[in-house]
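Overview (structure and organization)
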Amino acid sequence: IPTKTGREAVLIDCGATADCTPEFLLQFAFMGSYYAEKVLGIENPRVALLNIGAEDSKGGELQKEAYKLLSKAPISFTGNIEARDVPLGGADVVVADGFSGNILLKGIEGTALFMASMMKDMFKKNVLTKLAALLCMDGVKAFKKKMDYRETGGTALIGLSKPVIK
(Lines give C-alpha, C1' and ligand atoms only; values in the text may rest on other atoms or scores of the structure.)
Protein backbone atom coordinates (compact mmCIF):
# COMPACT_ATOMS: atom_id res chain seq x y z
CA ILE A 1 0.00 0.00 0.00
CA PRO A 2 1.46 3.40 -0.88
CA THR A 3 1.88 5.75 2.08
CA LYS A 4 2.48 9.43 2.67
CA THR A 5 6.03 8.63 3.81
CA GLY A 6 6.94 7.49 0.30
CA ARG A 7 7.50 3.93 1.49
CA GLU A 8 5.08 1.12 0.87
CA ALA A 9 3.35 -0.68 3.72
CA VAL A 10 2.75 -4.43 3.65
CA LEU A 11 -0.90 -5.38 4.24
CA ILE A 12 -1.13 -8.95 5.38
CA ASP A 13 -3.82 -10.36 4.91
CA CYS A 14 -5.97 -8.55 2.34
CA GLY A 15 -8.41 -11.25 1.34
CA ALA A 16 -6.92 -14.73 1.30
CA THR A 17 -7.91 -15.83 4.82
CA ALA A 18 -11.27 -14.38 5.88
CA ASP A 19 -11.60 -16.46 9.06
CA CYS A 20 -8.47 -16.24 11.18
CA THR A 21 -7.26 -17.28 14.59
CA PRO A 22 -5.02 -15.13 16.79
CA GLU A 23 -2.21 -17.56 15.96
CA PHE A 24 -2.73 -16.93 12.23
CA LEU A 25 -2.38 -13.19 12.83
CA LEU A 26 0.83 -13.81 14.76
CA GLN A 27 2.17 -15.86 11.84
CA PHE A 28 1.08 -13.11 9.43
CA ALA A 29 3.04 -10.60 11.52
CA PHE A 30 6.21 -12.70 11.31
CA MET A 31 5.82 -13.21 7.55
CA GLY A 32 5.01 -9.55 6.91
CA SER A 33 7.90 -8.33 9.02
CA TYR A 34 10.31 -10.65 7.24
CA TYR A 35 8.96 -9.62 3.82
CA ALA A 36 9.23 -5.91 4.65
CA GLU A 37 12.80 -6.35 5.80
CA LYS A 38 14.12 -8.72 3.12
CA VAL A 39 12.13 -7.63 0.06
CA LEU A 40 11.35 -3.96 0.71
CA GLY A 41 14.58 -3.28 2.60
CA ILE A 42 12.90 -1.78 5.67
CA GLU A 43 15.16 -2.17 8.68
CA ASN A 44 13.29 -3.20 11.84
CA PRO A 45 9.80 -2.79 10.30
CA ARG A 46 7.03 -1.42 12.51
CA VAL A 47 4.22 -3.96 12.79
CA ALA A 48 0.68 -2.92 13.76
CA LEU A 49 -2.65 -4.71 14.11
CA LEU A 50 -5.55 -3.28 12.10
CA ASN A 51 -8.30 -2.44 14.55
CA ILE A 52 -11.16 -0.05 15.33
CA GLY A 53 -9.05 1.96 17.76
CA ALA A 54 -5.50 2.39 18.95
CA GLU A 55 -6.18 1.26 22.52
CA ASP A 56 -5.23 -2.33 23.40
CA SER A 57 -8.76 -2.95 24.74
CA LYS A 58 -10.40 -2.27 21.34
CA GLY A 59 -11.74 -4.79 18.87
CA GLY A 60 -13.37 -8.18 18.99
CA GLU A 61 -11.99 -11.27 20.67
CA LEU A 62 -9.79 -12.02 17.65
CA GLN A 63 -8.04 -8.65 17.84
CA LYS A 64 -7.73 -8.68 21.64
CA GLU A 65 -6.16 -12.14 21.67
CA ALA A 66 -3.93 -11.35 18.71
CA TYR A 67 -2.79 -8.17 20.45
CA LYS A 68 -1.65 -10.22 23.45
CA LEU A 69 0.34 -12.59 21.23
CA LEU A 70 1.87 -9.81 19.14
CA SER A 71 2.90 -7.89 22.26
CA LYS A 72 5.08 -10.85 23.31
CA ALA A 73 6.48 -11.60 19.85
CA PRO A 74 10.11 -10.78 18.93
CA ILE A 75 9.08 -8.18 16.33
CA SER A 76 8.67 -4.40 16.44
CA PHE A 77 4.98 -4.46 17.36
CA THR A 78 3.70 -0.91 17.78
CA GLY A 79 0.12 -1.76 18.79
CA ASN A 80 -3.18 -1.25 17.02
CA ILE A 81 -3.60 0.92 13.96
CA GLU A 82 -6.80 2.45 12.64
CA ALA A 83 -7.54 2.31 8.91
CA ARG A 84 -7.10 6.08 8.49
CA ASP A 85 -3.50 5.88 9.74
CA VAL A 86 -2.41 3.18 7.27
CA PRO A 87 -2.00 5.45 4.21
CA LEU A 88 -0.36 8.07 6.44
CA GLY A 89 2.50 5.63 7.12
CA GLY A 90 1.58 4.60 10.67
CA ALA A 91 3.13 1.16 10.17
CA ASP A 92 5.38 -0.73 7.79
CA VAL A 93 3.40 -3.95 8.22
CA VAL A 94 -0.35 -3.96 8.82
CA VAL A 95 -1.67 -7.27 10.19
CA ALA A 96 -5.32 -8.05 9.51
CA ASP A 97 -7.65 -10.93 8.96
CA GLY A 98 -8.52 -11.25 5.27
CA PHE A 99 -12.01 -9.85 5.75
CA SER A 100 -10.90 -6.61 7.44
CA GLY A 101 -7.80 -6.28 5.30
CA ASN A 102 -9.81 -6.57 2.10
CA ILE A 103 -12.23 -3.89 3.31
CA LEU A 104 -9.26 -1.60 4.02
CA LEU A 105 -7.75 -2.30 0.60
CA LYS A 106 -11.00 -1.75 -1.30
CA GLY A 107 -11.71 1.40 0.72
CA ILE A 108 -8.33 2.85 -0.26
CA GLU A 109 -8.85 1.88 -3.90
CA GLY A 110 -12.32 3.44 -3.95
CA THR A 111 -11.08 6.62 -2.30
CA ALA A 112 -8.32 6.93 -4.88
CA LEU A 113 -10.80 6.52 -7.74
CA PHE A 114 -13.14 9.06 -6.12
CA MET A 115 -10.35 11.60 -5.59
CA ALA A 116 -9.13 11.20 -9.17
CA SER A 117 -12.66 11.75 -10.45
CA MET A 118 -13.11 14.83 -8.28
CA MET A 119 -9.80 16.27 -9.46
CA LYS A 120 -10.81 15.69 -13.09
CA ASP A 121 -14.14 17.46 -12.54
CA MET A 122 -12.40 20.33 -10.75
CA PHE A 123 -9.93 20.85 -13.59
CA LYS A 124 -12.69 20.83 -16.24
CA LYS A 125 -14.73 23.70 -14.73
CA ASN A 126 -13.45 26.60 -16.81
CA VAL A 127 -10.54 27.95 -18.85
CA LEU A 128 -8.49 28.87 -15.77
CA THR A 129 -8.84 25.43 -14.19
CA LYS A 130 -7.95 23.80 -17.52
CA LEU A 131 -4.81 25.94 -17.63
CA ALA A 132 -4.06 24.93 -14.04
CA ALA A 133 -4.49 21.30 -15.08
CA LEU A 134 -1.85 21.73 -17.78
CA LEU A 135 0.55 23.20 -15.22
CA CYS A 136 -0.12 20.36 -12.76
CA MET A 137 -0.33 17.49 -15.25
CA ASP A 138 2.97 15.81 -14.31
CA GLY A 139 1.97 15.73 -10.64
CA VAL A 140 -1.54 14.53 -11.42
CA LYS A 141 -0.19 11.70 -13.59
CA ALA A 142 2.28 10.69 -10.87
CA PHE A 143 -0.54 10.68 -8.30
CA LYS A 144 -2.77 8.53 -10.49
CA LYS A 145 0.06 6.10 -11.19
CA LYS A 146 0.92 5.77 -7.50
CA MET A 147 -2.69 5.03 -6.59
CA ASP A 148 -3.37 2.65 -9.49
CA TYR A 149 -3.46 -0.93 -8.20
CA ARG A 150 -2.61 -2.16 -11.72
CA GLU A 151 0.87 -0.63 -11.34
CA THR A 152 1.79 -3.15 -8.63
CA GLY A 153 1.86 -6.02 -11.08
CA GLY A 154 0.77 -8.60 -8.54
CA THR A 155 0.67 -9.41 -4.88
CA ALA A 156 2.76 -12.14 -3.32
CA LEU A 157 0.88 -14.76 -1.34
CA ILE A 158 3.53 -15.70 1.22
CA GLY A 159 3.59 -18.58 3.62
CA LEU A 160 2.78 -21.14 0.96
CA SER A 161 4.88 -24.10 -0.14
CA LYS A 162 5.47 -22.48 -3.56
CA PRO A 163 5.54 -18.84 -4.68
CA VAL A 164 2.14 -17.52 -5.74
CA ILE A 165 1.52 -14.09 -7.28
CA LYS A 166 -2.08 -12.92 -7.51
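Summarised in this report is the structure supplied together with it.

Cut-offs used in this document
Residues numbered from 1 in each chain as written. Predicted model: local features only at pLDDT ≥ 70, side-chain atom pairs only at ≥ 80, totals over all residues. Heavy atoms only, no water. Pairing = 2+ DSSP bridges. Helix = DSSP H or I, 4+ residues; strand = E, 2+ residues; numbered from the N terminus. Axes fitted to C-alpha atoms, helices over the stretch in contact; angles between N-to-C directions. Parallel < 35°, antiparallel > 145°, perpendicular 65-115°, else oblique. Left-handed = near helix turned anticlockwise from the far one by under 90°. Contact = heavy atoms within 4.5 Å. Nonpolar A, V, L, I, M, F, W, Y, C, P; charged D, E, K, R; others polar. Core = buried A, V, L, I, M, F, W, Y, C linked by side-chain atoms within 4.5 Å. Buried < 20%, exposed > 50% of the residue type's maximum accessible area, 1.4 Å probe, protein only. Right-handed = clockwise from strand over helix to strand, strands pointing away. Salt bridge = Lys/Arg side-chain N within 4 Å of Asp/Glu carboxyl O.

**Structural notes on the sheet that holds strand β3 (residues 76-81)**
Strand order in the open sheet formed by four strands is β1-β4-β2-β3, with parallel pairing between adjacent strands. Each edge of the open sheet is held by one strand with a lone partner, namely β1 (10-12) and β3. Put simply, the sheet's adjacent strands are angled 25 degrees from each other on average, direction ignored.

**Quick notes on the packing of helix α3 (residues 98-123) against helix α4 (residues 127-147)**
Helix packing geometry: the angle between the two helix axes and the distance between the axes. Taken N-terminus to C-terminus, the directions of α3 and α4 make an angle of 170 degrees; their axes are 10 Å apart at the nearest point. As far as their axial angle goes, α4 and α3 are roughly antiparallel. In the packing of α3 onto α4, the handedness of the crossing is left-handed. Each of Ile 108, Ala 112, Met 115, Met 119, Met 122 and Phe 123 in α3 lies in contact with α4, whose residues at this interface are Thr 129, Lys 130, Ala 132, Ala 133, Cys 136, Val 140, Phe 143 and Met 147. Grouping the amino acids of the contact of α3 with α4 by side-chain chemistry returns 12 nonpolar, one polar and one charged.

**A look at unusual backbone geometry**
For the bond from Ile 12 to Asp 13, the omega torsion is 20 degrees, close enough to zero to count as cis. Tracing the backbone shows Asp 13 in the loop between β1 and α1 (22-38). Even without glycine at this site, Asn 44 takes up a positive phi of about 50 degrees.

**Remarks on the nonpolar core**
Leu 25, Leu 49 and Val 95 are the most contacted members of the largest nonpolar core, which has 20 residues in total. Elements with a minimum of two residues in this core: β1, α1, β2 (46-50), α2 (61-72) and β4 (93-95). Looking at this core, the element that brings in the most residues is α1, giving five residues. Ignoring any residue separated from it by four or fewer positions in sequence, one finds Val 95 in contact with Ile 12, Leu 25, Phe 28, Ala 29, Val 47, Ala 48, Leu 49 and Leu 50.

**Here we look at the pairing of β2**
Most of β2 is tucked away, with four of its five residues classed as buried. In this sheet, β3 lies alongside β2 in parallel orientation, the contact comprising five bridges. Along β3, the bridge assignment pairs Leu 50 with Ile 81. Once the chain exits β2 it traverses α2 before rejoining the sheet at β3, and the crossover so formed is right-handed. By the bridge criterion, three bridges tie β2 to β4 in an arrangement that is parallel. Within β4, the position partnered with Leu 49 by the bridge is Val 95.

**Description of the pattern of salt bridges**
Going through the model one piece at a time under the given rule, you end up with five salt bridges. A salt bridge links Asp 92 to Arg 7; its shortest N-O distance comes to 2.6 Å. Remark: Arg 7 occurs in the segment before β1 and Asp 92 occurs in the loop between β3 and β4; sequence separation between them is 85 residues. Residue Arg 7 is classed as partly exposed on the basis of its relative accessible area, which comes to 40%.

**Brief notes about the environment of Ala 66**
In this fold, Ala 66 is placed in helix α2. Distance from Ala 66 to Leu 49, taken between C-alpha atoms, is 8.2 Å for residues 17 residues apart in sequence.

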